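One letter stands for each residue in the lines below.
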Amino acid sequence: MGGWAGRCDCDGAGVSGATLQPSPSGEGLQKVLGKLTSNAPLAPLVWFKSGGSADWLFEPKDVQDLSDFLANLDPATPVMPLGLGSNLIVRDGGWRGVVVRLGKAFSFARADGKTLTCGGGTSGILVSSTARDAGIAGLEFLRSIPGTVGGFVRMNGGAYGRETKDVLTACTVVLRDGTVATLPAEALGYSYRHSTLPEGAIVVEATFAGSPGDPAAIQAEMDRIAAAREESQPLRSKTGGSTFKNPDGHKAWALIDAAGCRGLRIGDAQVSEKHCNFLLNLGAATSADIEALGDEVIARVKAYSGVTLEWEIQRVGNAA
């Protein structure tokens, strides 16, 4: 972690009010108000339930705590935000740096007219249900995305014909140097499952705009989406959600199925038989198994159809 060494009592112990202390050549002490955990296992925090540990896991008390932490952290130290842990493969060697996880202080949704202001750690279900209660239509699709507002904003998350860019008006981020900035949606350079948010920037708040709607009709649409997901996706499995982006003019799952990959396995990693664009951990798969299976799917689809699939799931960290 650059020049910083921990002042936690033991590996894996979370400490509130802990400090990061520099090596003898470093400069000054850093105080945090939130929870700082050294050598933190990440597998329990991600949907695949695989992968190594982070050097540090930081759960800030509030925006100021996060801003101060990043401002005083060695600029060479990698920082990665972590939401609900879907759409993510943490490699077996773990993350050499700091993982920032936004807790309860960042999980809120407040309606004002036909806009909704939400914390970066807010789930899609809380966003859509708060919008329903306030009679705000157009955000129902967020109910189907297994993640948090921070992830939606960064990755332009979408489903059922809508994307984050369709409803986002602005977001507040803490940049890697600790600067707090509010950015309009137009500044995020949105494209399919991509934004131009800087590396290490952490979304702490976002404002969404909808249209007037009847709460009963909004609930009916949310129920329809929930039923469609239940029928078509392996929701009760250890998975990472949709694995590959849909190439122009194609559905990724159909290409994977046509290439004969339905049910394909490497160790305990398997292509879902229910939805071919989902990879599963059947129990003891390593992250290396899961990533190797994804690479094998890419190779087989390319050989069969000539189409090169691109990962939608993020793959981070070091190999074991």
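The coordinates are above.
Residues numbered from 1 in each chain as written. Predicted model: local features only at pLDDT ≥ 70, side-chain atom pairs only at ≥ 80, totals over all residues. Heavy atoms only, no water.

Chemist: If you had to explain the packing of aromatic side chains to someone new, which residues and values would you point to?
Modeler: For the coordinates displayed, the defined rule picks out two aromatic pairs. Between Phe58 and Phe69, the aromatic rings sit 4.1 Å apart at their centres with planes inclined by 25 degrees, giving stacked as the arrangement. Placement of the pair is Phe58 in strand β6 (residues 53-59) and Phe69 in helix α1 (residues 63-72), with a sequence separation of eleven residues. Across the pair, exposure class does not vary: Phe58 and Phe69 are buried alike. (Phe/Tyr/Trp six-rings, centres within 6.5 Å; stacked < 30°, edge-to-face > 60°. Helix = DSSP H or I, 4+ residues; strand = E, 2+ residues; numbered from the N terminus. Buried < 20%, exposed > 50% of the residue type's maximum accessible area, 1.4 Å probe, protein only.)

Chemist: Can you tell me about the pattern of salt bridges, naming the residues and giving the values?
Modeler: Evaluation of the coordinates by the stated rule reveals 13 salt bridges. Between Asp166 and Lys165 there is a salt bridge, and its shortest N-O distance comes to 3.4 Å. In this structure Asp166 comes out as partly exposed when scored by relative accessible area, which is 35%. A salt bridge links Arg193 to Glu312; its shortest N-O distance comes to 3.6 Å. Remark: Glu312 occurs in the loop between α6 (287-305) and β23 (314-316) and Arg193 occurs in the loop between β16 (180-184) and β17 (202-209); sequence separation between them is 119 residues. Pair check on accessibility: Arg193 and Glu312 agree, each one buried. Taken together, the salt bridges that share partners define one network made up of Glu163, Lys165, Asp166, Arg193 and Glu312. (Salt bridge = Lys/Arg side-chain N within 4 Å of Asp/Glu carboxyl O.)

Chemist: Outline the environment of Leu139, supporting the account with residue identities and numerical values.
Modeler: Its location among the elements puts Leu139 in the loop between β12 (136-137) and α3 (149-155). On the accessibility criterion, Leu139 (0% relative accessible area) is buried. It is 7.3 Å that separates the C-alpha atoms of Leu139 and Val167, two residues lying 28 residues apart in sequence. Not counting chain neighbours up to four residues away, the residues in contact with Leu139 comprise Leu116, Val127, Ser128, Ala131, Val167, Phe208 and Ala209. (Contact = heavy atoms within 4.5 Å.)

Chemist: Explain the state of the cysteines to me, using residue names and the numbers behind them.
Modeler: Under the definition given, this model contains zero disulfides. Left without a disulfide partner, Cys171 is nearest to the cysteine sulfur of Cys118, which lies 12 Å away. Its sulfur unpaired, Cys261 is 7.9 Å from the next cysteine sulfur, which belongs to Cys276. (Disulfide = S-S within 2.5 Å.)

Chemist: Got a sec to walk through unusual backbone geometry? Specific residues and values, please.
Modeler: Despite not being glycine, Asn39 shows a phi value in the positive range, around 45 degrees. One can find Asn39 in strand β5 (residues 35-41). For Arg193, which is not a glycine, the phi torsion comes out positive at approximately 55 degrees.

Chemist: Requested: an account of the sheet that holds strand β11 (residues 115-119), with residues and values cited.
Modeler: The five strands are arranged β10-β11-β17-β15-β16 in an open sheet whose pairing can be described as antiparallel. One side of each edge strand has no neighbouring strand; the edge strands of this open sheet are β10 (109-112) and β16. Direction aside, neighbouring strands of the sheet carry axes that sit 15 degrees apart on average. Bridge count for strand β15 (residues 168-174) against β16 is five bridges, and the pairing is antiparallel. For Cys171, the partnering residue across the bridge sits in β16 and is Leu183. (Pairing = 2+ DSSP bridges. Axes fitted to C-alpha atoms, helices over the stretch in contact; angles between N-to-C directions.)

Chemist: Kindly report on the nonpolar core, identifying the contributing residues and their values.
Modeler: With 26 residues, the main nonpolar core has Val127, Leu139, Val149, Val153, Leu168 and Phe208 as its most contacted residues. One finds Leu255, Leu264, Val307 and Leu309 within the second-largest nonpolar core, a separate group that totals 23 residues. (Core = buried A, V, L, I, M, F, W, Y, C linked by side-chain atoms within 4.5 Å.)

Chemist: Give a description of the sheet that holds strand β19 (residues 238-242) that names residues and reports values.
Modeler: Strand order in the open sheet formed by four strands is β19-β22-β21-β20, with antiparallel pairing between adjacent strands. Edge positions in the sheet fall to β19 and β20 (265-266), since each of these pairs with one other strand and no more. Inspection of the sheet shows strand β21 (residues 269-271) paired to strand β22 (residues 278-281) by three bridges, in the antiparallel sense. Along β22, the bridge assignment pairs Ala269 with Asn281.

Chemist: Describe α6, naming the residues involved and giving the relevant values.
Modeler: Given a rise of 1.5 Å per residue, 19 residues ought to cover 27 Å, and the 27 Å separating the end C-alpha atoms of α6 matches this to within 8%. Taken together, the buried positions of α6 are Ser287, Ile290, Glu291, Leu293, Gly294, Val297, Ile298 and Val301. All buried residues of α6 lie within an arc of 155 degrees about the axis, which places them on one face of the element. Those residues of α6 that are buried are in contact with β8 (88-90), α5 (252-258), β20, β21, β22 and β23. Positive backbone phi, approximately 85 degrees, marks Gly306, located one or two places after α6. (Expected span 1.5 Å × (residues − 1). Arc of directions from axis to C-beta.)

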